[in-house]
Amino acid sequence: MKNAVKIALGVILYILIAVLLGRVLPVPAFYSDFMSLYHAVAGWQQGHSFYDFGTQQSMMFETTRIAKPDFDIELYPYFPYPPWYLIGTFFLGWLSFEWAYRTWLIINVGILALSALLVTANEKREIKTGAIIAFILYFPAVGLYVIGNYTLPVLVGAALLLYAARKEDAPLSALGIALMTFKPHIGILLGLFGYGWMWMQNAPFARRARWVTPLAGIILAALGWLLEPNWISGLYNAMYTWQTSSYIQTCTYCSSPANLIMRFLGTEAGMLSSSLPSILLFALAAILVWLRRKFAFSDLEKTIAVAAALTAVVLPYMVNYDYVILLIPLTIAFVRYKNRLQRIFIAFLYLLPWVGIVIGRAGSVYITLTGVALFFFLLFVNESHPQEA
């Protein structure tokens with residue numbers, strides 16, 4: 001509990017600093033994903049539903065001052081995420097859009113740094129410092145905090161779960177899994193693998209975490225009803241509207257393996273059309289994980305690392321910035337695999353998305369390859385010792 005209090009106080013202090021810096025930071029606002037979150041929060045503060053897209057749409061036109069014929073509103077659909085996002089972002093609605101955008105950018109950079117520190121909590125100072133730099137400069141992370149997307153709660157949730165397990169802090173572990181629900185389709189496998197690992201352990205900490213985690217879920221659901229009484233139907237309608245929009249149907253920005261397979265076959269690569277290859281990939285990956293289950297689930301670090309890599313392999317809808325979750329397996333692998341060649345390979349996988357940009361091709365293909373390579377590496381390459389280098 002003391003760890004949770006310290007982290008909570010630190011987060012509050014950092015948010016206050018981010019708000020102050022966001023007021024003066026000379027960074028222009030970028031009209032992109034953050035538009036949806038900001039106007040959902042601002043509209044809710046004015047008494048509208050968190051999922052009232054009609055009101056949010058009108059507010060977007062006022063914010064951008066762009067004429068309707070020149071403003072592609074479909075790029076800013078319903079905010080299709082749970083209402084407990086309000087708990088951590090409600091204050092953004094008090095600020096102007098530009099101020100809120102800069103504040104959110106600073107917060108996201110802070111989340112990346114915190115995630116790095118949590119994952120490497122038991123490592124030397126040099127490793128911690130390197131991890132912070134690596135997290136902030138990772139290609140998917142840069143894209144994420146520039147456009148203001150919402151994947152980072154999942155990343156920090158996974159990092160927090162690893163930290164909590166080392167400290168044997170059940171409430172903190174429950175908070176980590178709860179954070180994974182902020183972007184459910186990205187965090188679901190991480191949450192299931194993490195919670196499943198608790199059931200495989202007989203330690204007192206794991207037994208406590210088994211019942212504290214469902215309790216955290218009940219608390220989130222209750223908060224959802226308090227904040228947004230019709231949140232279940234609102235969330236369903238938002239997700240339906242989102243997945244039926246034309247840019248999701250074509251999935252131009254998608255970079256999942258299933259999506260790339262469909263493009264290679266010369267057919268439509270939308271989320272729905274990519275579902276069949278995604279199911280086949282999941283079945284194949286599940287067989288491989290089952291065959292290597294003793295290796296894959298040897299400890300929580302390995303379990304979460306495999307879950308993050310598996311997510312990158314099997315989901316039908318993955319955009320470049322969603323691959324930020326690969327920072328977890330990349331860091332764990334770099335710390336645990338001591339062989340020099342293995343570390344060079346891991347570093348190469350980290351840099352691969354940037355290589356794709358440098359040589360003039362879309363980075364998405366190289367990010368996808370990173371996820372697939374990491375999945376096989378974690379499952380089939382044994383950890384070595386320094387003397388084997």
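Look a little higher up for the structure.
Below is a short write-up of the structure.

A separate point is the pattern of salt bridges. Summed over the entire model, instances satisfying the criterion amount to four salt bridges. A salt bridge links aspartate 322 to lysine 183, with the nearest nitrogen and oxygen atoms 2.9 Å apart. You can see aspartate 322 sitting in the loop between helix H17 (300-314) and helix H18 (327-336) and its partner lysine 183 sitting in the loop between helix H9 (170-179) and helix H10 (184-199), a full 139 residues away along the chain. With respect to burial, aspartate 322 and lysine 183 carry one shared label: buried. A single salt-bridge network, built from bridges that share partners, covers Arg166, Asp299, Glu301 and Arg336.

Here we come to the environment of leucine 310. Inspection of the secondary structure assignment puts leucine 310 in helix H17. When the C-alpha atoms of leucine 310 and valine 372 are compared, they prove to be 8.0 Å apart, with 62 residues separating the residues in sequence. With sequence-adjacent residues up to four places away left out, leucine 310 is seen in contact with Leu189, Phe193, Ala285 and Phe375.

Another aspect to go through is the nonpolar core. If you look at the biggest cluster of nonpolar residues, it comprises 120 residues, and the most contacted ones within it are Phe34, Leu37, Tyr85, Leu112, Val324, Ile328 and Phe375. The contacts of phenylalanine 34, once residues within four sequence positions are left out, are Leu92, Phe97, Ala100, Tyr101, Trp104, Ile147, Gly148 and Tyr150.

Okay, a nonpolar patch on the surface next. Together, Ile87, Trp211, Leu215, Ile218, Ile219, Leu223 and Leu226 make up a nonpolar patch on the protein surface, roughly 720 Å² of accessible area in all. When residues of the nonpolar patch are assigned to their parent elements, the largest contribution, six residues, is made by helix H11 (residues 204-227). Within the secondary structure, leucine 226 is located in helix H11. Leucine 226 gets classed as exposed once you look at its relative accessible area, which sits at 70%.

For H10, with 16 residues, the first-to-last C-alpha span of 21 Å sits near the 22 Å given by 1.5 Å per residue. Buried residues of H10: Ile186, Gly187, Leu189, Leu190, Gly191, Phe193, Gly194, Trp197 and Met198, and no others. Structurally, H10 contributes buried residues whose contacts are with helix H8 (152-167), H9, H11, helix H15 (275-291) and H17.

With their axes 11 Å apart at the nearest point, helix H2 (residues 34-45) and helix H5 (residues 97-119) run at an angle of 115 degrees to one another. Handedness of the crossing formed by H2 with H5: right-handed. Contact with H2, carried on its side by Phe34, Met35, Leu37, Tyr38 and His39, involves Phe97, Ala100, Tyr101 and Trp104 of H5 and no other residues of that element. Taken together, the residues of the contact of H2 with H5 break down into eight nonpolar, one polar and no charged.

Let's shift gears to the layout of surface pockets. Of the pockets and cavities examined, the largest pocket occupies roughly 1,200 Å³. In terms of residue class, the lining of the largest pocket is made up of 34 nonpolar, four polar and no charged.

What follows deals with the packing of aromatic side chains. Counted by the stated rule, this structure contains 22 aromatic pairs. With centroids separated by 6.0 Å and ring planes inclined at 85 degrees, the aromatic side chains of phenylalanine 90 and phenylalanine 91 adopt a geometry described as edge-to-face. Residue classification places phenylalanine 90 among the partly exposed positions, given a relative accessible area of 33%. An aromatic cluster is defined as three or more aromatic residues linked by ring pairs; in this entry it consists of Phe34, Tyr38, Phe97, Tyr101 and Trp104. Above the ring of tryptophan 99, the side-chain terminus of arginine 23 is found at 5.1 Å from the ring centroid. Its guanidinium or amino end placed over the ring of tryptophan 199, arginine 210 lies 4.9 Å from that ring's centre, counting from NZ or CZ.

So, how was this worked out
Residues numbered from 1 in each chain as written. Predicted model: local features only at pLDDT ≥ 70, side-chain atom pairs only at ≥ 80, totals over all residues. Heavy atoms only, no water. Salt bridge = Lys/Arg side-chain N within 4 Å of Asp/Glu carboxyl O. Helix = DSSP H or I, 4+ residues; strand = E, 2+ residues; numbered from the N terminus. Buried < 20%, exposed > 50% of the residue type's maximum accessible area, 1.4 Å probe, protein only. Contact = heavy atoms within 4.5 Å. Core = buried A, V, L, I, M, F, W, Y, C linked by side-chain atoms within 4.5 Å. Patch = residues over 30% accessible without salt bridge, like charges linked within 9 Å, V, L, I, M, F, W, Y side chains within 5 Å. Areas by Shrake-Rupley, 256 points an atom, 1.4 Å probe, with all protein chains shown as cover. Expected span 1.5 Å × (residues − 1). Axes fitted to C-alpha atoms, helices over the stretch in contact; angles between N-to-C directions. Left-handed = near helix turned anticlockwise from the far one by under 90°. Nonpolar A, V, L, I, M, F, W, Y, C, P; charged D, E, K, R; others polar. 1 Å grid on protein atoms, 1.4 Å probe; cavity = no way out; pocket = protein on both sides within 12 Å on 5 of 7 lines; lining within 4 Å. Points joined across faces, edges and corners; volume = space filled by probe spheres on them. Phe/Tyr/Trp six-rings, centres within 6.5 Å; stacked < 30°, edge-to-face > 60°. Lys NZ or Arg CZ within 6 Å of the ring centre and 35° of its normal.

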